[in-house]
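# Reading the structure
Each chain, written out:
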Amino acid sequence: MKHKSELSFPNTHNLLKSVLIGLVVCLGLLCLYYGWSFGPGSRRSDEEASRSDGSDPIFGGFVLHRDFDDLHEDQEHNSEVPKSMPFSELIPCIDRNLIYQLKLKPNLTLMEHYERHCPPPERRYNCLIPPPLGYKIPIRWPESRDEVWKANIPHTHLAQEKSDQNWMVVNGDKINFPGGGTHFHDGADKYIVALSRMLKFPADKFNNGGNIRNVLDVGCGVASFGAYLLSHHVIAMSLAPNDAHENQIQFALERGIPSTLGILGTKRLTYPSRSFELAHCSRCRIDWLQRDGILLLELDRLLRPGGYFVYTSPEAYAQDPENRRIWNAMSDLLKRMCWKVAAKKEQSVVWAKPLTNSCYLKRDPQTQPPLCDSDDDPDSSWNVSMKACISRYSAKVHKEKGSGLAPWPQRLTTAPPRLEEIGVSPEEFQEDTGIWRFRVIEYWKQMKSVIQKNSIRNVMDMNSNFGGFAAALNGKDVWVMNVAPVRVSSRLKIIYDRGLIGTVHDWCEAFSTYPRTYDLLHAWAVFSEIDERGCGAEDLLIEMDRILRPDGFVIIRDKPAVINYIRKFLTALKWDGWLSEVEPRVDALSSGEERVLIARKKLWDEGLTAM
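Residues numbered from 1 in each chain as written. Predicted model: local features only at pLDDT ≥ 70, side-chain atom pairs only at ≥ 80, totals over all residues. Heavy atoms only, no water.

The protein chain has the name Methyltransferase in an unreviewed UniProt entry, where Prunus persica is given as its organism. The UniProt entry for the protein chain carries the following comment under Sequence similarities (unreviewed entry): "Belongs to the methyltransferase superfamily." (UniProt positions renumbered as here; feature names shortened; annotations may be inferred.)

Structural data, given as structure tokens:
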């Protein structure tokens, strides 16, 4: 076993003592939470906030300073002014109160205030996030598709606001989801079949014989469209911001539906080019004509050759002059982008992206929008500004007229053509797939005594490589958010080409999700990587705890020195509900001696706050 000094993780008595004291102090502060203004259902009114004494918003009420020029209107007239929130819903890098406190100047028109703005180290909370009062272990899939515990997400605003659209219904101590949406009051299932018929897909199946697998649902609401696509063997990345329609994505994740926080603002979405066969926007209130069509051009970057854009909106076929003007302008823009109408009916229209560069090359050189520069990397997506240009295909894609992907489910284990772009051979890909199949079998053997049926639904692989971990879970009723660390972000396109979903992320920062949204976190060599970059292991442990559900599991596979260090924090984290530690078999992916630690998070009880 290698000596601990190989890592720079501090391991002194004084540090451990300081950390434990810090955690106790934080827990003491959380005691205040339970009896103070952060409790669910007890948001302070605007009048109360205006009477604040100016204390630090980190541990006091969220203060509305009048020197934030862009948010100068009263809350009564400006819904963008941040209000106080339950501490149990903290998303550190998507917190408009932080923008306010740091006196940043986001452009509200461009939706910059919904984008990521992470706190500097001195402003981090560095304490555990409690569940809301009355929290219960989530209802399990598949029942969770249709109902969740109200105590877990005590927000009923959407139920009233969308009462005529069948989004959700409050029913005693539960919230039910009838499957409705803004454009499909009669249910997402019927809407999906109607779209399949519009596009003449075989047997009215939305997967089009396995050729449609990955879908991007923009402005997804509570993700009922994505929920009902699953029965068609289609997986959607359901996307919505943390905006005035409060907690849409939190509801979606509580239901067990693949989804994430995000916004079409000024930055590229954190997905590589050519990731989706279809993008969907059902009356999502997006101004697609703004900034020379830059948002449509972002969808163009993300769609595969021949990919579809399904657009349902009153603007599409309304008769009033303004809506007709918008429709005509949008049609003209998409024509210049070389998209063609594939189908249309009533208020729905489906455009198709071209299969090759031929149309682009025939355009007048002065045609707007222009083609992107040849040195632009369409796969670069972490903290990259959107570009108002068309991402052309490579010479190979142009020649072959498509992505060359096998239909689902064969594409899960078929070596995709883009492996060549990252210098990986089909043989290496297949070896990786086999290794992860064995590793996952071994994980489940360790956990079989404590895993209950359907107790795991939302899974995150924090260092996904080629998606082998997720592929090995394909036979189980789970979905996996594959996370590609920034330094290996190019591998994420392989994950999408396999018919899986994921995102790029920097684990030195907090992830863009609500607390308590994943049942299992898999961290392979993640701690070793952030240590090499000088980031704090304690920060990552606290972040993992924030996004892990009570009763959820962590699987940490790393160097023995890392595992030894992490074990010291398990009791303070309340990750000692069940523990297992083994030395795994060495394989081709092993960077040296490794250990596997599996831990289970406890559901906090009332006694915790008295520590």
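From this point on, the discussion continues.
On to the overall build of the protein chain. Looking only at helices and strands, the protein chain features 19 helices and 17 strands. The buried share of the protein chain, reckoned over its 611 residues, is 57%. Considering only intrachain contacts with a sequence separation of at least 6, the fraction spanning at least 24 residues in the protein chain is 70%. When the accessible surface of the protein chain is summed, it comes to about 25,000 Å², and 50% of that surface belongs to carbon and sulfur atoms. (Helix = DSSP H or I, 4+ residues; strand = E, 2+ residues; numbered from the N terminus. Buried < 20%, exposed > 50% of the residue type's maximum accessible area, 1.4 Å probe, protein only. Contact = heavy atoms within 4.5 Å. Areas by Shrake-Rupley, 256 points an atom, 1.4 Å probe, with all protein chains shown as cover.)

In space, the seven strands of this open sheet follow the order β6-β5-β4-β7-β8-β10-β9, with mixed pairing throughout. At either end of the open sheet lies a strand with only one pairing partner, and these are β6 (259–261) and β9 (340–345). Put simply, the sheet's adjacent strands are angled 20° from each other on average, direction ignored. Across five bridges, the pairing between strand β8 (residues 303–312) and strand β10 (residues 348–352) is antiparallel. By the bridge assignment for β10, Y311 is matched with V349. Docked against the sheet, helix α10 (residues 321–336) engages β8 and β10, running at close to 15° with respect to β10. (Pairing = 2+ DSSP bridges. Axes fitted to C-alpha atoms, helices over the stretch in contact; angles between N-to-C directions.)

The subject of this paragraph is the pairing of β8. Counting buried positions along β8 yields nine of ten residues, so the element is predominantly enclosed. Pairing between strand β7 (residues 276–282) and β8: six bridges, direction parallel. When the bridges of β8 are listed, F276 appears paired with L303. With respect to chirality, the unit in which β7 leads through helix α8 (residues 290–302) into the neighbouring parallel β8 is right-handed. (Right-handed = clockwise from strand over helix to strand, strands pointing away.)

Attention shifts here to the pattern of salt bridges. Proximity of charged atoms lets side chains of opposite charge pair with each other. This structure, assessed with the given rule, holds 36 salt bridges. For D204, the salt bridge is made with R197, and the minimal N-O distance between the two is 3.0 Å. Given the relative accessible area of 25%, D204 is considered partly exposed. We note a salt bridge from R325 to E322, for which the minimum N-O separation is 2.9 Å. In this pair, R325 and E322 both sit in helix α10, three residues apart, roughly one turn of the helix. In this structure E322 comes out as partly exposed when scored by relative accessible area, which is 41%. (Salt bridge = Lys/Arg side-chain N within 4 Å of Asp/Glu carboxyl O.)

Moving on: the packing of α8 against α10. At their nearest, the axes of α8 and α10 sit 11 Å apart, and the two run at 60° to each other. Considering the angle they form, α8 stands oblique to α10. Two packed elements cross with a definite hand, and for α8 against α10 that hand is right-handed. Facing D292, G293 and L296 of α8, the residues of α10 in contact are M330, L333 and L334. Residues belonging to the contact of α8 with α10 are distributed by class as follows: four nonpolar, one polar and one charged. (Parallel < 35°, antiparallel > 145°, perpendicular 65-115°, else oblique. Left-handed = near helix turned anticlockwise from the far one by under 90°. Nonpolar A, V, L, I, M, F, W, Y, C, P; charged D, E, K, R; others polar.)

This part covers the pairing of strand β14 (residues 518–524). Among the seven residues that make up β14, seven are buried, leaving the element largely enclosed by the rest of the structure. Strand direction decides the pairing type here: strand β11 (residues 458–461) and β14, joined by three bridges, are parallel. Directly across from D461, in β14, lies its bridge partner H522. Pairing geometry for β14 and strand β15 (residues 548–558), over six bridges, is parallel. By the bridge assignment for β15, L520 is matched with F553.

To continue, consider helix α18 (residues 560–567). Residues that lie three or four places apart on an α-helix share one face, since the helix turns once every 3.6 residues. Burial runs high along α18: six of the eight residues are buried. For α18, every residue scored as buried is listed here: P560, A561, V562, I563, Y565 and I566.

Let us look at the sheet that holds strand β3 (residues 174–176). Read across the sheet, three strands follow the order β1-β3-β2 without closing on themselves; strand pairing throughout is antiparallel. The two strands at the open ends of the sheet, each matched to only one other strand, are β1 (147–149) and β2 (169–171). Across the sheet, the mean angle separating the axes of adjacent strands is 30° when strand polarity is ignored.

In total, this model carries 22 aromatic pairs according to the counting rule given. Centre to centre, the rings of Y311 and W351 are 6.2 Å apart; their planes meet at 35°, and the pair counts as tilted. Here Y311 is found in strand β8, whereas its partner W351 is found in strand β10, with 40 residues between them in sequence. Since its relative accessible area comes to 2%, W351 is described here as buried. Through a chain of ring-to-ring contacts, the aromatic side chains of W288, F309, Y311, W327, W339 and W351 assemble into a single cluster. Seen from the ring of W141, R457 lies directly overhead, with NZ or CZ sitting 3.7 Å from the centre. (Phe/Tyr/Trp six-rings, centres within 6.5 Å; stacked < 30°, edge-to-face > 60°. Lys NZ or Arg CZ within 6 Å of the ring centre and 35° of its normal.)

Its 16 residues give α10 an end-to-end C-alpha distance of 23 Å, which sits within 8% of 22 Å, the value for a rise of 1.5 Å per residue. Restricting attention to buried positions, one finds in α10 the residues N323, W327, M330, L333 and L334. Down the axis of α10, the buried set is contained in an arc of 130°. They therefore lie on one face. For α10, the exposed residues set more than 90 degrees away from the buried face come down to P321 and K335. (Expected span 1.5 Å × (residues − 1). Arc of directions from axis to C-beta.)

The next thing to look at is the environment of R392. With respect to the helices and strands, R392 occurs in the loop between α11 (358–362) and α12 (395–400). Residue classification places R392 among the partly exposed residues on the basis of a relative accessible area of 41%. Separated by 19 residues in sequence, R392 and D373 place their C-alpha atoms 9.3 Å apart. With residues near it in sequence (within four places) discarded, R392 still touches N357, Y360, L371 and C372. Within the local environment of R392, its side chain forms a polar contact with the backbone oxygen of C372, the two atoms lying 2.9 Å apart. (Polar contact = N/O pair within 3.5 Å; in protein donor to acceptor, adjacent residues only side chain to side chain.)

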